[in-house]
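Chain by chain, the residues:
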Amino acid sequence: MALANTANNITKSKQVKDSKKDKNSKTLRLLYPQWQGGDIAALVPELEAKDSSLGYALGEELLDFLAPKDTSTKVARVPISMEYKRESKKGILNYDEIFMQTKAALEILKIENPAKILTLGGECSVSVLPFTYLAHRYKGDVAIVWIDAHKDLNLPGDTYQGYHAMALAATFGLVDKEGIARLLPYHCNPKDSILVGVRDFEGKKERLSEIGVQYLSPQDSKNPTKLLEWLQSTGKSKVVVHFDLDVLDPSELVMAVGVVENGLRIKEVVNLINAINANYELVGLTIAEHLPRAATKLRNMMRELPLF
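Residues numbered from 1 in each chain as written. Predicted model: local features only at pLDDT ≥ 70, side-chain atom pairs only at ≥ 80, totals over all residues. Heavy atoms only, no water.

A.B. asks: Mind showing me how you'd approach the overall build of the chain here?
C.D. replies: In terms of helices and strands, the chain carries ten helices and ten strands. Burial status across the chain gives 55% buried among its 308 residues. A separation threshold of at least 6 residues defines the contact pool for the chain, and within that pool the share at least 24 residues apart is 74%. Counting every atom, the chain has about 14100 Å² of accessible surface; 53% of that belongs to carbon and sulfur. For the chain, the centre of its 39 positive side-chain charges and the centre of its 39 negative side-chain charges are spaced 7 Å apart. (Helix = DSSP H or I, 4+ residues; strand = E, 2+ residues; numbered from the N terminus. Buried < 20%, exposed > 50% of the residue type's maximum accessible area, 1.4 Å probe, protein only. Contact = heavy atoms within 4.5 Å. Areas by Shrake-Rupley, 256 points an atom, 1.4 Å probe, with all protein chains shown as cover. Lys, Arg positive; Asp, Glu negative; His and termini not counted. Charge placed at Lys NZ, Arg CZ, Asp CG, Glu CD.)

A.B. asks: In this structure, what is going on with helix H3 (residues 95–112)? I would like to understand it.
C.D. replies: Every α-helical turn comprises 3.6 residues, leaving residues that sit three or four positions apart pointing alike. The end-to-end C-alpha distance of H3 is 26 Å, a good match for the 26 Å that 18 residues give at a rise of 1.5 Å each. Within H3 the residues assigned to the buried category are Tyr95, Glu97, Ile98, Gln101, Thr102, Ala105, Leu106, Ile108, Leu109 and Glu112. Of the residues trailing H3, asparagine 113 is marked for its positive phi of about 50 degrees. (Expected span 1.5 Å × (residues − 1).)

A.B. asks: Just to check I follow, could you spell out the nonpolar core for this structure?
C.D. replies: Nonpolar side chains in soluble globular proteins tend to be buried together. Core analysis: the biggest nonpolar cluster contains 56 residues, and Leu30, Ile92, Leu153, Tyr163, Leu168 and Leu195 have the highest contact counts within it. Elements supplying a minimum of two residues to this core: strand S1 (27–32), helix H2 (49–66), H3, helix H4 (128–137), strand S6 (142–147), helix H5 (167–171), helix H7 (206–211) and strand S10 (281–288). Discounting residues that sit within four places of it in the chain, leucine 30 has contacts with Ala76, Val78, Ile108, Ile117, Leu118, Thr119, Leu120 and Pro130. Ala143, Phe243, Leu245 and Leu272 belong to the second largest nonpolar core, which has 30 residues in total. (Core = buried A, V, L, I, M, F, W, Y, C linked by side-chain atoms within 4.5 Å.)

A.B. asks: Sorry if this is basic, but what is going on with the side chain of aspartate 192 here?
C.D. replies: Following the sequence through the fold, aspartate 192 ends up in the loop between helix H6 (180–183) and strand S7 (193–196). Take aspartate 192: its relative accessible area is 8%, and that puts it in the buried class.

A.B. asks: It is not clear to me how the packing of helix H8 (residues 225–234) against helix H9 (residues 266–279) should be interpreted in this structure. Could you clarify?
C.D. replies: Axis angle and axis distance: for two packed helices, these are the angle between their axes and the distance between the axes, and together they describe the pair. Direction vectors running N to C along H8 and H9 enclose 35 degrees, while the axes themselves pass 10 Å from each other. Considering the relative orientation of H8 and H9, their crossing is right-handed. Where H8 abuts H9, its residues Leu227, Leu228 and Leu231 lie against Leu272, Ala275, Ile276 and Asn279. Of the residues in the contact of H8 with H9, the class split is six nonpolar, one polar and no charged. (Axes fitted to C-alpha atoms, helices over the stretch in contact; angles between N-to-C directions. Left-handed = near helix turned anticlockwise from the far one by under 90°. Nonpolar A, V, L, I, M, F, W, Y, C, P; charged D, E, K, R; others polar.)

A.B. asks: Explain the confidence of the model for the chain to me, please; I cannot follow it from the model alone.
C.D. replies: Detail in the predicted coordinates should be disregarded across regions flagged by low pLDDT. Per-residue confidence for the chain gives a mean pLDDT of 93; residues scoring 70 or more make up 92%. Every residue in residues 19–24 scores below 50 in pLDDT, and together they form two contacts with partners more than four places removed in sequence or on other chains. (pLDDT = per-residue confidence, 0-100.)

A.B. asks: Sorry, what's going on with the sheet that holds S1 here?
C.D. replies: Strand pairing within a sheet occurs via backbone hydrogen bonds; the two strands may be parallel or antiparallel. The parallel open sheet is built from eight strands, whose spatial order is S2-S1-S5-S10-S9-S6-S7-S8. Strand pairing shows two members of the sheet lacking a second neighbour, strand S2 (74–77) and strand S8 (214–216), which therefore form its edges. Strand-to-strand, the axes of this sheet are offset by a mean angle of 20 degrees, without reference to chain direction. Here S1 runs beside S2; their pairing, made up of four bridges, is parallel. (Pairing = 2+ DSSP bridges.)

Take a look at the structure:
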């Protein structure tokens, strides 16, 4: 079947489903400035280690300020510890804080019971709880599109202990099986997930095939064709999208920790997400890994000036 016909059929199906949706369904704007999952001091040498780590929290504030507001959308903020300390447990940096913050986020979602979630982070792990919550709400009828320069499939025991590099694996229940994984409302199936724009496999490309996650290179992600074909193959009617800002080509925009060449253009990512939304019910969108280097330097400078 030609892609155009496929897209038309999906769109018609989506329109029918949209007409039957619960009129009381609501979207939650979830502000999730979690920073503990990133171990990034060596990657951001122009900032002090504390400033680079806590910079994720400032990144969330700026995303919330810049993002369009809808007065009908409920807003909730996950309480995050801003005490700077770095300790490892169970192969995960700042494990205790991440566990407690995941628990706090879950309590918010239980109370709000949103039908859709817009998450503004924070490092990549802010998608884990919202995505597994939505997969549970919709009884597994959810595909994950993970738009990222990196695979985010690390596991405890790998050399790098930052939880943000384990985020996608965590949605499958593969991280901390006796702790964090038990907190999650649902464990997604790797076959229902795809990495888009990945180009830095961090020496472990085989991890994708071991876990069973498909991926599209930046070249294959420049238009929605292959992504829509994959989505159709899953049989899912709903989609959640993780948008890591490091997927963007640094020649156009540098807003994240990772700076990996040959990425996607802004327009290409926007087109991908809008194509998903046009053909499926988009129930979750995360924007993550915003690390505002210049804004952090400017803030620190102003802190040293009088009359503030």
